[in-house]
Amino acid sequence: MRKILSVSICIGIFVLFSCNSSNTTDVKTIPEMEQFMLALDGKYQSVTDAIKKNSVKPELNTADMDMKDLRNPVIILANVSDSSTCYTIKTNDGAKDCQYELCWKNGKIISIMDNTPQ
C-alpha cells in the first residue's frame, strides 16, 4: 500500500510539473511581437499606440485591449500556421491577470482576441 501511494504521489508531481512546462514554446518570437510586448508599460495609451503601429488596418477589433493599463506580458503559447503566427500572452491590468491572443501576418497584427478566463 505504501509503495502504491509513493508511486501515485510521484505521478501526481510529474503531471503537475508537466502541465506547468507546457506553457513554454519553441516558436521564435517575431521582432514585431517583441517590440509590442516591450510597449506594454502599464499605460493604456502605450497599448493603444502599439496596436495602431502594428495593426494591419486602423479599424482592427482590439477586444478592448487598448482600454487597459497592461504590463508585464509573457508569451504562454504560440501557434504557427501557413497563414499566420499567433501568440497568447498573459499580462496584468493592475487588478487581475488577462490573456490575449494576437495573430500576426507579414509583421502586422491581423486579429486580437480576449482569452481571459472568466
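Structure first, text after, so check above.
Calculation rules
Every chain's residues receive numbers from 1 upward, in the order its sequence appears when written. For this predicted model, a pLDDT threshold of at least 70 governs which residues receive local features, and a threshold of 80 or more governs which side-chain atom pairs are given and counted, while totals over whole chains, interfaces and linings are taken from all residues. For the side-chain quantities, the full set of heavy atoms in the structure was used; hydrogens and water were omitted. Where helices and strands are cited, they refer to DSSP runs of H or I of at least four residues and of E of at least two residues respectively, numbered from the N terminus. Think of it in three bands: residues with accessible area under 20% of the maximum for their type are buried, residues over 50% are exposed, and the middle band is partly exposed, with areas taken using a 1.4 Å probe on protein chains only. Note on contacts: a residue pair is in contact if any heavy atoms of the two residues lie within 4.5 Å. Surface accessibility follows the Shrake-Rupley procedure with a 1.4 Å probe radius. Residue values consider only the protein chains on display as shielding. The salt bridge criterion pairs a side-chain nitrogen of Lys or Arg with a carboxyl oxygen of Asp or Glu, the two atoms within 4 Å. One requirement defines pairing of two strands: DSSP has to find at least two bridges between them. To get an axis, fit a line to the C-alpha atoms, keeping to the stretch in contact for a helix; angles then go from 0 to 180 degrees between the N-to-C directions.

Student: Give me the overall build of the protein chain: which residues, what numbers.
Tutor: A tally of helices and strands in the protein chain yields 3 helices and 4 strands. The linear arrangement of helices and strands in the protein chain, starting from the amino end, is α-α-α-β-β-β-β. Buried positions account for 35% of the 118 residues belonging to the protein chain. The contacts in the protein chain between residues at least 6 apart in sequence include a share of 46% that link residues at least 24 apart. Of the accessible surface of the protein chain, which amounts to about 7,800 Å², a share of 57% is contributed by carbon and sulfur atoms.

Student: Please provide a residue-by-residue account of the pattern of salt bridges, values included.
Tutor: Taken as a whole and judged by the stated rule, the model has 2 salt bridges. Salt-bridge contacts for D97 lead to K90; the nearest nitrogen and oxygen are separated by 3.6 Å. For K90, a relative accessible area of 35% corresponds to the partly exposed category. Between D93 and K96 there is a salt bridge, with its nearest N and O atoms 3.6 Å apart. When its relative accessible area of 40% is taken as the criterion, K96 is described as partly exposed.

Student: Can you explain the sheet that holds strand β2 (residues 85–92)? Please cite residues and give values.
Tutor: Here we have 4 strands laid out as an open sheet, ordered β1-β2-β3-β4, and antiparallel in their pairing. Strand pairing shows two members of the sheet lacking a second neighbour, β1 (71–80) and β4 (108–114), which therefore form its edges. Neighbour-to-neighbour, the strand axes of the sheet open up by a mean angle of 25°, direction not taken into account. Across 8 bridges, the pairing between β2 and strand β3 (residues 97–105) is antiparallel. Looking across to β3, one finds that I89 is bridged to Y100. Helix-sheet contacts for helix α2 (residues 31–39) involve β1, β2, β3 and β4, and the interaxial angle to β3 is about 150°.

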